[in-house]
Amino acid sequence: MRNIIFLIAIIAGAITAVAAKKNVATDHATARKAQYIFYQASAQRQQGRYDSFFDLIEYAHRLDSTNTSIGFYYGVALMIMNDAGSASQQRALELMRRHVDAVPADYEEANYYYRACTQLDRWDEAKRIARRQTALFPERDDVLQRLAVCYAREQKFDSVLAIYNDLERRMGVNQSITAIKASTHEAMGDSLGALDEWRAFRSHAPLDAGANTWLASAFLDREMSDSAFYYAHRAVELNPNDGFANFTLAGCYMSVGDTANYEKTIVRTLTECDVELEMKTQILRNYAMTRISQGDSTGVAIPVFRRIIDMHPSETDFRSLFLSYLMYLKRDGEALEQADLCLELEPDNTEMWKTAIAILYRNHDFDRLRDYFSRAIAANSNNDEMLEYVAGAQMSIKDYQASLATYDLLWNLASNDEQRSNIIGGKADVYLAMGDTIGAINTYEQSLEVFPGNVGVMNNYAYCLANMGRNLDRALELIARAVTATPDNYNFLDTYAWVYYKRGDYTLALLYIEDAIKHVDDPNCEVIEHYGDILEANGRHADALVQWQRALDTFDEGIDRPEVAERLAVKLATTASPATPSSK
């Protein structure tokens, strides 16, 4: 089914008022038929029949290719239906340009064409349209702003400032324009100019708490604490319940290391001031991260979280933040309680189900975990992402038959060969975990028959063969294809290294494992273990010891399998012996 639902917003209101500008004479009857079909296309769109809309507008354009308005909307459809840079998208731009040049007064169409040009990095063309619209519609502020975007792209910052000075004269001094002017000065390297913009903004409303707060924030960003304190205090004096003013004042206290007053002010901001929910969520997240960065291990923020949740018992965002904070404190029982309350409010919250399952897995509470699996499946029976996660988690606790049953449920939801291949590949992983290597190999092959381009299955299959030490040529072929398709995937690069290691080509193994490590900030312990094994094989024993210890230090019992830690401990204890091969 053609996916052109995106056209709703673009064409709404405009498609029914087509100006039939002609470039070349067309048979009158044919032109009328094209116009009629175009109106039928509009009717199909209004009824949500987007496939029919596309077919009709395409037909209308074939009947009368001289009608630039019909051509424009056909171009819009081509634009979204095809990949960036394709010949069809180039044709789409040509159709749209033809119309906006033929009928430059069509404001909405020119506006859409401008946006299409910016999205495809056709900035010269975007500027041409913006400049022409500025001449045609000098009274429209949004046209000037589009031209300013083009100048900013070219780093013509003086021109950007000139436009916003003009807009400020029209609209008056306001925070949005001041913010853009200040950021433009910053882009020019003129920090004092940016500060002057905020000073001027405050001078127009010296008794406005918001104006004082913005100036305080500007001083705070520049580490000018005394001035920041002065204007932040002034803002709070003007409006004691202003959440932004109090939050900025809290930031001032934090900037000078006054944690007691920071704590007092931030709590007041969250619990007593006028703060919209979205901003309150951001402030609470900032507060929790501050407590964590300061090494809070006693739960100082817990009373604050409880007060806010009491104020907003149905807001799951606050409970989710509280849950994360409790998990940091390793108070998993309380964290799970918050997860349960969130799931009562939002039973289809996939991420919350994953979090609850992760908590139980970390605590090896497998009996309760099985209950959560059942509940998660019941609440998300049509959610393939949730079912796939549960199937993998069931396999991780060796509940293999349950995992296979969940993959069977997933099969009923599959709508294409790639999804079916993923499901079959997941079953192959289960067979491998069960020790049924023949069943795993046959099932991996079946998965790739269904969808030969499944790079995830290629990776897992190649790793399986490498660990078994069999058919290493096939393993190398598979992982080479996966890495070629996705060269920056560190898991794939790790498997590539491991296949070479198992083939005895330790030089190439070292090359690829080091490439894998470079592609991720926090590699998991098994990848680091592989690095140690490969270093050992290359005769770099001391370096291998460092990596094995690093792997053990990064071991997470909530994520990694226990046998990995056992294997690493053996390697570190028997340093004179060759590396024991690891397995995923």
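Refer to the structure printed above.
Residues numbered from 1 in each chain as written. Predicted model: local features only at pLDDT ≥ 70, side-chain atom pairs only at ≥ 80, totals over all residues. Heavy atoms only, no water.

(A) Focus on helix H28 (residues 490–503). In a regular helix each residue adds 1.5 Å, so 14 residues correspond to 20 Å; H28 covers 20 Å between its end C-alpha atoms and thus fits that length. With 11 of 14 residues buried, H28 lies mostly within the body of the structure. Lining the buried residues of H28 we find helix H26 (455–468), helix H27 (472–485), helix H29 (506–518) and helix H30 (525–537). Where H28 begins, one side-chain oxygen reaches toward the backbone nitrogen of Asn 491, 2.9 Å away; that side chain belongs to Asn 489. Just downstream of H28 lies Gly 504, where phi reads positive at about 85°. (Helix = DSSP H or I, 4+ residues; strand = E, 2+ residues; numbered from the N terminus. Expected span 1.5 Å × (residues − 1). Buried < 20%, exposed > 50% of the residue type's maximum accessible area, 1.4 Å probe, protein only. Contact = heavy atoms within 4.5 Å. Polar contact = N/O pair within 3.5 Å; in protein donor to acceptor, adjacent residues only side chain to side chain.)

(B) Structural detail: unusual backbone geometry. Residue Lys 330 is not a glycine yet carries a positive backbone phi of 65°. Its identity as a non-glycine residue notwithstanding, Lys 398 has a phi of 65°, on the positive side. You can see Lys 398 is positioned in the loop between helix H22 (384–396) and helix H23 (400–411).

(C) How the structure looks around the pattern of salt bridges. Under the definition given, this model contains 41 salt bridges. The shortest N-O distance in the salt bridge between Asp 101 and Arg 128 comes to 3.1 Å. Of this pair, Asp 101 sits in helix H5 (residues 87–102) while Arg 128 sits in helix H7 (residues 123–136), placing them 27 residues apart in sequence. The class of Asp 101 is partly exposed, set by a relative accessible area of 31%. Here Arg 268 makes a salt bridge to Glu 272, at a shortest N to O gap of 3.0 Å. Separated by four residues within a single helix, Arg 268 and Glu 272 lie in helix H15 (residues 259–272), roughly one turn from each other. Among the residues examined, Arg 268 registers a relative accessible area of 24% and is labelled partly exposed. If you follow the salt bridges from partner to partner, you end up with Arg 97, Asp 101, Glu 125, Arg 128 and Arg 132 in one network. (Salt bridge = Lys/Arg side-chain N within 4 Å of Asp/Glu carboxyl O.)

(D) Here's a closer look at the nonpolar core. One finds Leu 284, Tyr 287 and Phe 305 to be the most contacted residues of the largest nonpolar core, which totals 75 residues. Setting aside residues up to four positions removed in sequence, Tyr 287 forms contacts with Tyr 262, Glu 263, Ile 266, Val 267, Leu 270, Val 300, Ala 301 and Val 304. If you look at the next biggest cluster of nonpolar residues, it comprises 46 residues, including Cys 464, Ala 475, Trp 498 and Ala 509. (Core = buried A, V, L, I, M, F, W, Y, C linked by side-chain atoms within 4.5 Å.)

(E) Just the packing of aromatic side chains, in detail. For the structure shown, the criterion picks out 22 aromatic pairs. Taken together, the ring pairs in this structure connect Phe 38, Phe 72, Tyr 73 and Tyr 112 into an aromatic cluster. In this arrangement the basic side chain of Arg 146 is found over the ring face of Tyr 114, its NZ or CZ atom lying 5.7 Å from the centre. Taking the ring centre of Tyr 372 as reference, the NZ or CZ of Arg 375 above it sits at 4.5 Å. (Phe/Tyr/Trp six-rings, centres within 6.5 Å; stacked < 30°, edge-to-face > 60°. Lys NZ or Arg CZ within 6 Å of the ring centre and 35° of its normal.)

(F) A look at the packing of H26 against H27. Running from N to C, H26 and H27 cross one another at 150°; their axes reach a closest spacing of 8 Å. With respect to each other, H26 and H27 are oriented roughly antiparallel. Here H26 runs over H27; the crossing is left-handed. Here H26 contributes Val 455, Met 458, Asn 459, Tyr 461, Ala 462, Leu 465 and Ala 466 to the contact with H27, which in turn contributes Leu 472, Arg 474, Ala 475, Leu 478, Ile 479, Arg 481, Ala 482 and Ala 485. (Axes fitted to C-alpha atoms, helices over the stretch in contact; angles between N-to-C directions. Parallel < 35°, antiparallel > 145°, perpendicular 65-115°, else oblique. Left-handed = near helix turned anticlockwise from the far one by under 90°.)

(G) Molecular detail of the packing of helix H10 (residues 175–187) against helix H11 (residues 191–203). Packing of H10 against H11 brings their axes to within 7 Å, and their N-to-C directions diverge by 165°. Classified by the angle their axes make, H10 and H11 are roughly antiparallel. Relative to H11, the crossing made by H10 is right-handed. Contacts from Gln 175, Thr 178, Ala 179, Lys 181, Ala 182, His 185 and Glu 186 of H10 reach H11 at Ser 191, Gly 193, Ala 194, Glu 197, Trp 198 and Phe 201. Taken together, the residues that form the contact of H10 with H11 break down as five nonpolar, five polar and three charged. (Nonpolar A, V, L, I, M, F, W, Y, C, P; charged D, E, K, R; others polar.)

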